[in-house]
Amino acid sequence: HKTFGAPLVGAKAVALADVLKAPDQFADQSVLVEGEVRRACTRKGCWMELSEAQDAAAPGCRVTFKDYGFFVPTDSAGSKARVEAKVESKVLKPSLVAHMEEEGAKFAEKDPDGSAREVRLVATGVELWR
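Note that the structure is a prediction, hence the values are computed from the model and not measured.

Draft legend 1. Local environment of the confidence of the model for the protein. Taken as a whole, the protein shows an average pLDDT of 93; of its residues, 100% reach a score of 70 or greater. Per-element confidence in the protein ranges from a low mean pLDDT of 91 for helix 3 (residues 94-102) to a high of 98 for strand 1 (residues 2-5).

Draft legend 2. Looking closely at the packing of aromatic side chains. Counting across every chain of the model gives 1 aromatic pair. Geometrically, the ring pair formed by Phe 65 and Phe 70 is tilted, given 4.8 Å between the ring centres and 40° between the ring planes. Accessibility classification places Phe 65 together with Phe 70 in one group, the buried group.

Draft legend 3. Fine view of the nonpolar core. Val 33, Met 48, Val 83, Leu 121 and Val 126 are the most contacted members of the largest nonpolar core, which has 26 residues in total. Sorting the residues of this core by element identifies helix 1 (16-21), strand 3 (30-40), strand 4 (47-51), strand 5 (60-65), strand 6 (80-92) and strand 7 (116-129) as the ones contributing at least two each. Examining the composition of this core, we find that 5 residues originate from one element, strand 7, more than from any other. The residues touching Met 48, leaving out its near neighbours within four places in the chain, are Val 37, Arg 39, Ala 40, Cys 61, Arg 62, Val 63, Phe 65, Val 72, Ala 81, Val 83, Val 126 and Leu 128. Counting residues in each nonpolar core, the second largest holds 9 residues, with Cys 41, Val 97, Met 100 and Ala 105 among its members.

Draft legend 4. Seen up close, the environment of Ala 108. Its place among the elements puts Ala 108 in the loop between helix 3 and strand 7. C-alpha of Ala 108 to C-alpha of Gly 45: the two residues are 63 residues apart in sequence and 22 Å apart in space.

Draft legend 5. Region of the structure containing the pattern of salt bridges. Counting across every chain of the model gives 12 salt bridges. Residues Arg 120 and Glu 118 are paired through a salt bridge, measuring 3.4 Å at the closest nitrogen-oxygen approach. By relative accessible area, Arg 120 is classed as buried at 14%. Given the relative accessible area of 5%, Glu 118 is considered buried. Through salt bridges that share partners, Glu 34, Arg 82 and Glu 127 make up one connected network.

Rules and cut-offs
Residues numbered from 1 in each chain as written. Predicted model: local features only at pLDDT ≥ 70, side-chain atom pairs only at ≥ 80, totals over all residues. Heavy atoms only, no water. pLDDT = per-residue confidence, 0-100. Helix = DSSP H or I, 4+ residues; strand = E, 2+ residues; numbered from the N terminus. Phe/Tyr/Trp six-rings, centres within 6.5 Å; stacked < 30°, edge-to-face > 60°. Buried < 20%, exposed > 50% of the residue type's maximum accessible area, 1.4 Å probe, protein only. Core = buried A, V, L, I, M, F, W, Y, C linked by side-chain atoms within 4.5 Å. Contact = heavy atoms within 4.5 Å. Salt bridge = Lys/Arg side-chain N within 4 Å of Asp/Glu carboxyl O.

Here's what the structure looks like:
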């Protein structure tokens, strides 16, 4: 496999499903999660979507890279990934939601005004393999 960003240093391994179910329990903690890369930014690889399975209905979340310090290949979709990251949960403004949807992002739940709550992993390091 290939490593992007910093080498993984051994944060606490947790199931991605657990993080998605109760993001506030993990807020601002570093975790190690594993999953499938369902999508990646096709423009420059500045985000990817990590999920339990390639199936579009499976829960998933976006992974961004700390301080935009590194990117992943734009063809990363379909890879398996291990990610060391900080868990964030926040409400995104409608303009940002619209911009990200243009880049291929999907939001499970949007508010009537177009804003959306997003659970995001801010990764310090990513390992990818097929």
